Amino acid sequence: MTISYKWLSEYLPVTVDPERLSRILTSIGLEVESMTPYEEVKGGLKGLVIGEVLHTEKHPNADKLTLTRVSLGSGEPLQIVCGAPNVAAGQKVVVAPVGATIYPVTGDPLTMKVAKIRSVESQGMICAEDEIGLGTSHDGILVLPADAVPGTSAADYFRPYSDIVYEIGLTPNRMDAMSHWGVARDVCAYLSHHDKKDIRPKLPVINGLKPESLSFPIEVKIENENACPRYSGVSIDNVRIGESPLWLRQRLKAIGVRPINNIVDITNFIQHETGQPLHAFDADLITGRKVVVKNLPEGTRFVTLDEKERSLHAEDLMICDEKEGMCIAGVFGGLHSGVTEKTKTVFLESAFFEGIGIRKTSFRHNLRTDAASRFEKGTDISATVQVLKRAATLIKDICGGEISSEIVDVYPKKKEKTEVVIKWHYIKKLSGKNYHPDSVKDILRSLGFEIIKEGIDELRLAVPFHKPDISLPADIVEEIVRIDGLDNIEIPDSITITPAVDENFTLETIREKTAGLLAGLGFHEMMTNSITNAAYFSDAEKATMVTMKNSLSAELNILRSSLLETALEVAAHNLNHKNNHLRLFEFGKAYSNSGPGKYQETEQLCLLLSGNSRDDSWKQKATATDFYELKGAVETVLRSIGIRAEKQEEETAEKLETRLVWKINNQAVAEAGIVKKNRLEKFGIKQPVFFAGLNWELLSRLSATQRVQIREIPRYPAVQRDLALVVDKKLSWASIESAVQNIRLNNLREIKLFDIFESEKLGTGKKSVAVNFTFQDPEKTLTDKEIDNWMHKIMQTLEKETGAEIRK
C-alpha cells in the first residue's frame, strides 16, 4: 500500500513531520517498509538557473553550432556553445552552469564541466525540455516567456512537485487502512490518545447531490443479492473528456498511478482517497438504459479492457445491460462500455461486492487489479452513496457536465452492524496492561466504534462498517493496544509459564543434532517456500505434483515435489549478489499426488554446494567444490544419526547427472549428483551446482530405533594392511567396499581407498586401486597369522566377485 505524505497531510488537522509520521504508522500496525522522497522531475532542477541569451554568432569551426553569451542575472555572462537550431538573442532559457547535474528523460545523469567544443570553450549548457526532465521534446532548447527573470533558480520558477512516499506492509485484516482516509483516521486516533486532544481527520464535506435534470435515468436490478448486497449509481451528462488538472496528475503519479483521462483519474483518486473502488461506464453504450447485476452462463465470451477475449465461469459476477455483459464486477472493465474521448454521458458505479467471489474471479482470470484487492478484503458497505457523491462532485468540477439522474441505491437487505461485548478484565488479561476505562472508550470512539451500552464490568460495542474483520473481543483488544502502542505495555518482573512436556522429542533432537553438525561443516541453513513456480517443471513432472487451485500469484502456483527447485532459487539469488561460494542446507516438506485425493507430504533434507570449498590464500590455492565433497557430507550425516546404507548405486535421473543413490532394504534414502545444465539454465545459473536430497522422514524414524552403544577405547593396537588391485575401469568403489563388507569380518574396523592409478601398461580399460584395511580386536593383540588369513579371504572374494587382479 502506497501513501503520499502531502496527500495524507491534507486530512490531518495538525502538522506531523515525516519522520514522526513514519514512527506513528509503524506503531499503529501500519508498518512502514520504506520512506522514499518523490520528485516529479528527477533531481528537482537543482543547480539549474534561468538565463537570458545576450548575443549569438556562428561557431567559427562548425556550421551547425552557435556561440552564445548568456546572462545569469549577475556576474560575467557565460560563453556557451549551443547546437539547437532555435537559439536566438533575447530568449529566456534554462541554463545548466558548470557543476550542475541534469537528469535527461532517457540516459544517465550528466554533470556539467568546462569543455572545449571544436576548439571553443563552453561554460555550461542551454537545455531542451527532455534534457532536464520537463518533457519529451528535443526539437530545440526550451524557450521561456519573456517575463522570466534571469538569475532565478529553475526549481523556484517551475516549482516541480515533490513528496514523500511511504510503502506500508498491510496485513490482510487491515482493509480499513487501504486508503488515505483510513490511515488518517488511525493517525488522528493515535494523536488524540497520546497528545490528549480531540483530533479528528479533516475529511471533505459532502453535501447532498441534487440532479440538474432527469434526462438520463438508469434502472438497476440485482439478480444475485448474495454476491452484490448493494449497488449505487448516478448519471452525469455533458462531460468533457480530457487531461486531468495538474494537482490530480501529481497526486496519482506520486503513488505510482499513471494518469489516463480526467474521468478515469477521478475514479482512481477516489479509490486511493476513500478505499472504495468505482467504475465509470459510457452511459450511451448501456443498452436499454438498464444495469443488471447477475451471472452469465458458463463459457460466455467476454472482451475485457486489455482487448483479450475471456471465457467466463458460471460463478463470475457480471455487470450487464439488457443485451450483454459490460464489466466483470469488481475486477475489470469491458472493452465496449468504458469511457473514451468520445464519451458525453457517464454512469458512475459505486457498489459493494462479496469478497470471496471477487477473489476467485480475479485469480481465475489472472486479473489482480487494485479494485479486486480491495473488494476481496472488504469495503465499507455504508459508504457507497457518500463516495459516489464525492466522485460526482469532482467530475462536475473538473469535467463539467450536470447530474442527469437521481442517485440509484439498490440495497435489498440492509446490513446490521456487528456487535461485540468485551469485559474489562479480559482487556487486562489479554493486553497485560490495566487501561483506564475513559482511555479505552476514547480510543474506540476515535476509530468509529459506537458504545451501545456500558455496564459495570463490560462494554457492548457496535463495530463500524469500515472494519468488517472485527467480530471477537480479542479484535477489540488489538485495536486498543495498537493505538496505545505496543511499546507502552509494561514488561512484568516475572513470567509464570507451564513447561510443555513432549514425550516424542527424539525426532526433533535428531534434527537439531544434524543441523548443528552441518553448521559445523560450514553449511548455512536456508528456509524457502513450499509453493513454487510450475514453469520449472515438465508436464510429466507436473502430472504427479500438487497444483494450487487458488494460487497466490502466477509464480506461486504449485507445491514442490523436491527441495531442488527452491534451493536453486536461493542459489541464483546469492550468485546474482556475487556470493559465489555456497554451502547450504534445508529441512523442508515435499509433496506428491499419486491419484485423486491421494496426496503425500514428506519431510526432506537437502544439501547444496557450489563454487569453491576453499579460497585462495598465501599458503594454498583455491579448491573447487566437487561431487566427492558432497558425497562425504551425505555420508557424514548418515553416520552421525547411526545409519549405514546397505547399497550405493549409480542411477540415471532427469534432474541430476553422476547420480548416486543410497539404499536401505532396496528403498532409496538419499541421492546426490550434479545438477544438469538444462535445469540450471532455468534459473540463470552458469556455474556447477551439486545437490543432495535425503528422505529425512524415513531416516529420522530409522535413527530413532537405533540403540546407542558405548564401549571403551581399545587397549590393543590396530593393524593396517594395504592391497593393490587391477580392476575394470568402470568398476565403482562402492562395489569393492560392498564385496568386502559382505564377508562380515568382525575385527575389520575400516576400509579406505587411498589411490587410483590409470595407465596403458595395466591393460585396456583397466585401472589400479589401492585400498587400506584397518583391523583391531578389543580383547587381544592380533597376530600376523590371523591378519594374513583375513586378507586371503578378502583377496579371494574380490577376485571372484569383482574380477580383480591382485598386484604383487
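Here the structure is a predicted model, which is why all the values come from computation and not from measurement. Here the residue numbering is sequential within each chain, running from 1 through the sequence in written order. Predicted model: local features are reported for residues with pLDDT of at least 70 only, side-chain atom pairs are reported and counted for 80 or more only, and whole-chain, interface and lining totals are derived from all residues. Each side-chain value is worked out from all heavy atoms of the structure, with water and hydrogens disregarded.

Before going further, it helps to examine the nonpolar core. Remark: nonpolar core denotes a set of buried residues (Ala, Val, Leu, Ile, Met, Phe, Trp, Tyr, Cys) joined through side-chain atoms within 4.5 Å. A simple rule labels every residue: compare its accessible area, found with a 1.4 Å probe on the protein chains alone, to the largest value its type can have, and call it buried under 20%, exposed over 50%, or partly exposed in between. Ranked by size, the top nonpolar core spans 72 residues in total, and within it Leu25, Val187 and Ile476 carry the most contacts. Among the elements that take part in this core, helix 4 (residues 180–195) stands out by supplying 8 residues, more than any other. In this description, contact between two residues means that some pair of their heavy atoms is separated by no more than 4.5 Å. The contact partners of Leu25, leaving out residues within four places of it in the chain, are Leu30, Glu31, Val32, Tyr166, Ile168, Val183 and Val187. Ile319, Cys320, Ala329 and Phe375 belong to the second largest nonpolar core, which has 32 residues in total. Going along the chain from the N terminus, every DSSP run of H or I of four or more residues is numbered as a helix, and every run of E of two or more is numbered as a strand.

A few words now on the sheet that holds strand 33 (residues 582–593). Neighbouring strands of a sheet are bound in pairs by backbone hydrogen bonds; such pairs are parallel or else antiparallel. Spatial ordering of the open sheet is given by 29-33-34-40-39-38-37, a layout of 7 strands whose pairing is mixed. Edge positions in the sheet fall to strand 29 (524–525) and strand 37 (647–650), since each of these pairs with one other strand and no more. For strand 34 (residues 599–610) and strand 40 (residues 689–694), the ladder comprises 6 bridges, and the chain directions are antiparallel. Residue Leu609 lies in a different strand from strand 40, and its bridge partner there is Phe690. Where helix 13 (residues 506–520) meets the sheet, its contacts fall on strand 33 and strand 34, and the angle it forms with strand 33 comes to roughly 145 degrees. Against the sheet, helix 15 (residues 564–576) touches strand 33, strand 34, strand 39 (667–675) and strand 40, its axis set at about 150 degrees to strand 33. For two strands to count as paired, DSSP must find a minimum of two bridges between them. A fitted line through C-alpha atoms serves as each axis, taken over the contacting stretch for helices, and the angle formed by two N-to-C directions is quoted from 0 to 180°.

Here we take up helix 18 (residues 696–704). Within helix 18 the residues assigned to the buried category are Trp696, Leu698, Leu699, Ser700 and Ser703. At its buried positions, helix 18 is contacted by helix 13, strand 33, strand 34, helix 16 (627–640), strand 39 and strand 40.

In this fold, Asn574 is placed in helix 15. Residue classification places Asn574 among the buried residues on the basis of a relative accessible area of 19%. Setting aside anything within four residues of it in sequence, one finds Asn574 in contact with Asn579 and Leu582.

In the case of a regular strand, side chains alternate between the two sheet surfaces. Inspection of the sheet shows strand 38 (residues 656–664) paired to strand 39 by 7 bridges, in the antiparallel sense. For Leu656, the partnering residue across the bridge sits in strand 39 and is Val675. As consecutive antiparallel partners, strand 38 and strand 39 are separated by 2 residues, and within that stretch Asn665 has a phi angle of approximately 55 degrees, a positive value.

The next subject is the environment of Glu454. Its location among the elements puts Glu454 in strand 27 (residues 450–454). Through-space distance from the C-alpha of Glu454 to that of Lys441 is 9.8 Å; in sequence the pair is 13 residues apart. With sequence-adjacent residues up to four places away left out, Glu454 is seen in contact with Lys441 and Leu459. Within polar-contact distance, the side chain of Glu454 engages the side chain of Lys441 at 2.9 Å. As used in this structure description, the phrase polar contact means that two N or O atoms lie within 3.5 Å; if the pair is within protein, one of them must be able to donate a hydrogen and the other to accept it, and residues adjacent in sequence are counted only when both atoms belong to side chains.

Next up on the list: the packing of helix 19 (residues 733–741) against helix 20 (residues 784–802). It is at 10 Å that the axes of helix 19 and helix 20 come closest, and there the two elements cross at 130 degrees. One way to sum up the angle between helix 19 and helix 20 is to call them oblique. Classified by chirality, the crossing of helix 20 by helix 19 is right-handed. Seen from helix 19, the contacting residues are Ser735, Ile736, Ala739 and Val740; seen from helix 20, they are Ile794, Thr797, Leu798, Glu801 and Thr802. When an angle is under 35 degrees it counts as roughly parallel; over 145 it counts as roughly antiparallel; between 65 and 115 it counts as roughly perpendicular; any other value is oblique. For any pair of crossing helices, the crossing counts as left-handed if the nearer helix is rotated counterclockwise from the farther one by less than a right angle, and right-handed if it is rotated clockwise.

With that out of the way, let us pick up the pattern of salt bridges. In the sections that follow, a salt bridge refers to a side-chain nitrogen of Lys or Arg positioned within 4 Å of a carboxyl oxygen of Asp or Glu. Under the definition given, this model contains 49 salt bridges. Put simply, Lys589 and Glu601 hold a salt bridge, and the shortest N to O gap is 3.2 Å. With Lys589 in strand 33 and Glu601 in strand 34, this residue pair connects regions lying 12 residues apart in the sequence. Its relative accessible area of 30% is what places Lys589 among the partly exposed residues. For Glu601, a relative accessible area of 43% puts it in the partly exposed group. Put simply, Arg174, Asp176, Asp186, Lys467, Glu479 and Arg482 are held in one network by salt bridges that share partners.

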